[in-house]
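Coordinates in review
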Amino acid sequence: MKNLTYAMKEFFRNYFKLNGRLSRAGYWWAFLGYLIIAIICSILNVVLDTGIFTTVLQIATFIPWFTATARRYHDCGRSTGFLVLMYVLEGVFGFIIFGSLVGIIFGAYFESGGIFGGSLIATGVGAIGMLTVAIISFIGLVKPSVPGENKWGAPEPFDPDKDDKAETAVIEKSDDVSSEQ
């Protein structure tokens, strides 16, 4: 539970932080925390017959997920440009799928070319493209950290006890100062 709490605090504390690095553990603990919150929001949506909770969650976490993913890619030696490229490719392939499905629906409806025209092929190409981009993105997120310092800085190890260690150091230092007086 301590890992999950620490990861979520760091996730929201670094809301707009694009520079630096994020460890694999930090990213995936934050993902688990987000998943738990998303499930709770989905249950609330069903119980209250609304869609507002997941919508608010997605809007509130879009920027921190982008920045966390950029920092995770930095930790693996990839640039933010790589992440933007992945987003653009997902959008392009999604647009191809959407456009081809509209073509299939209206083509079948107006009987102007049928379902087995180029639209079905375009849907397949779009789906394969999206799957390929998703796999490449996922591989980047599970790669181990680049050891040592890279152009985005030194690695930031996932340490949920960091706050406790800092408090202990401050307490020990104040005890040393008070004992000297």
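Residues numbered from 1 in each chain as written. Predicted model: local features only at pLDDT ≥ 70, side-chain atom pairs only at ≥ 80, totals over all residues. Heavy atoms only, no water.

Structural notes on the overall build of the protein chain
Each helix and strand counted, the protein chain has six helices and zero strands in total. Secondary structure elements in the protein chain, listed N-terminal to C-terminal, are α-α-α-α-α-α. Going through the 181 residues of the protein chain one by one, you find that 30% of them count as buried. Of all intrachain contacts in the protein chain linking residues separated by at least 6 positions in sequence, the fraction that spans at least 24 positions is 76%. For the protein chain, the exposed area adds up to about 11,400 Å²; of that, 71% sits on carbon and sulfur atoms. (Helix = DSSP H or I, 4+ residues; strand = E, 2+ residues; numbered from the N terminus. Buried < 20%, exposed > 50% of the residue type's maximum accessible area, 1.4 Å probe, protein only. Contact = heavy atoms within 4.5 Å. Areas by Shrake-Rupley, 256 points an atom, 1.4 Å probe, with all protein chains shown as cover.)

A few points about the packing of aromatic side chains
The tally for this structure, following the rule as stated, stands at 13 aromatic pairs. Here the aromatic rings of Phe11 and Phe12 are separated by 4.9 Å at their centres, their planes lie at 80°, and the arrangement is edge-to-face. Looking at Phe11, the relative accessible area reads 4%, which means it is buried. Between Trp28 and Phe31, the aromatic rings sit 5.3 Å apart at their centres with planes inclined by 70°, giving edge-to-face as the arrangement. With Trp28 and Phe31 both in helix α2 (residues 24-48) and three residues apart, this pair spans about one turn of that helix. (Phe/Tyr/Trp six-rings, centres within 6.5 Å; stacked < 30°, edge-to-face > 60°.)

Thoughts on the packing of helix α1 (residues 2-13) against α2
Two elements in contact, α1 and α2, have axes separated by 8 Å at closest approach and are oriented at 95°. Relative to α2, the element α1 is oriented roughly perpendicular. In this structure, α1 uses Asn3, Leu4, Ala7, Met8 and Phe11 to contact α2, whose residues at the interface are Gly26, Trp29, Ala30, Leu32, Gly33, Tyr34, Ile36 and Ile37. In terms of residue class, the contact of α1 with α2 is built from 10 nonpolar, three polar and no charged. (Axes fitted to C-alpha atoms, helices over the stretch in contact; angles between N-to-C directions. Parallel < 35°, antiparallel > 145°, perpendicular 65-115°, else oblique. Nonpolar A, V, L, I, M, F, W, Y, C, P; charged D, E, K, R; others polar.)

Some details on α1
The end-to-end C-alpha separation of α1 is 16 Å, in line with the 16 Å expected for 12 residues at 1.5 Å each. Three or more residues of α1 are buried, namely Leu4, Tyr6, Ala7, Met8, Glu10 and Phe11. (Expected span 1.5 Å × (residues − 1).)

Observations regarding a nonpolar patch on the surface
A grouping of Phe31, Leu32, Leu35, Ile36, Ile39, Ile40, Ile43, Leu44, Val47 and Leu48 is seen on the molecular surface, where their side chains present a nonpolar patch of about 860 Å² in accessible area. Judged by its relative accessible area of 38%, Ile36 is partly exposed. (Patch = residues over 30% accessible without salt bridge, like charges linked within 9 Å, V, L, I, M, F, W, Y side chains within 5 Å. Salt bridge = Lys/Arg side-chain N within 4 Å of Asp/Glu carboxyl O.)

What is shown is where atoms sit, not what they do.
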